[in-house]
Amino acid sequence: MNDYIITFRWDDEAGVWIAVCDDIPLAIEHNSFDALIEKVKVIVPEILALNAVA
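Below or above, wherever it landed, is the structure these notes cover. (Residues numbered from 1 in each chain as written. Predicted model: local features only at pLDDT ≥ 70, side-chain atom pairs only at ≥ 80, totals over all residues. Heavy atoms only, no water.)

**Looking at the overall build of the chain**
Which entries qualify depends on this criterion: Here a helix means four or more residues in a row that DSSP labels H or I, a strand means two or more in a row labelled E, and each is numbered from the N terminus. Contacts are assigned to residue pairs with any non-hydrogen atoms lying within 4.5 Å of each other.
Within the chain one finds one helix and three strands. Reading the chain from its N end, one meets helices and strands in the order β-β-β-α. Its C-alpha atoms give the chain principal-axis dimensions of roughly 35 × 20 × 15 Å. Expressed as a percentage of contacts within the chain between residues at least 6 apart in sequence, the contacts between residues at least 24 apart total 16%.

**Some remarks on the pattern of salt bridges**
Spelled out, the test is: One speaks of a salt bridge when a side-chain nitrogen belonging to Lys or Arg is within 4 Å of a carboxyl oxygen belonging to Asp or Glu. Per-residue accessibility, obtained with a 1.4 Å probe over protein chains only, is compared with the maximum for each type, and a residue is labelled buried under 20%, exposed over 50%, and partly exposed between these values.
Evaluated as defined, the whole model comprises one salt bridge. Put simply, Lys41 and Glu38 hold a salt bridge, and the shortest N to O gap is 3.4 Å. Of this pair, Lys41 and Glu38 both sit in helix H1 (residues 33–50), three residues apart, which is roughly one turn of the helix. Given a relative accessible area of 44%, Glu38 falls into the partly exposed group.

**Here's the deal with the packing of aromatic side chains**
Defined as follows: Two rings from Phe, Tyr or Trp (for Trp, the six-membered ring) form a pair when their centres are within 6.5 Å of each other. A pair whose planes differ by under 30 degrees is stacked, one over 60 is edge-to-face, and the rest are tilted.
If you walk through the whole model with that rule in mind, you get three aromatic pairs. A centroid spacing of 5.5 Å and a plane angle of 65° characterise the contact between Trp10 and Trp17, whose relative ring orientation is edge-to-face. Linked through ring pairs, Phe8, Trp10, Trp17 and Phe33 together constitute an aromatic cluster.

Encoded structure:
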């Protein structure tokens, strides 16, 4: 299994949290940090499976 670094940051102008990863095609946002974490938990395995990385 590979390790991936996902960066979370607050975008003050847009009023959302953003999660990005340079190693996989990931860039998502949500106004709630907790909700964003949950989205990442669901989306990352799907992205890896679709790209045959998992």
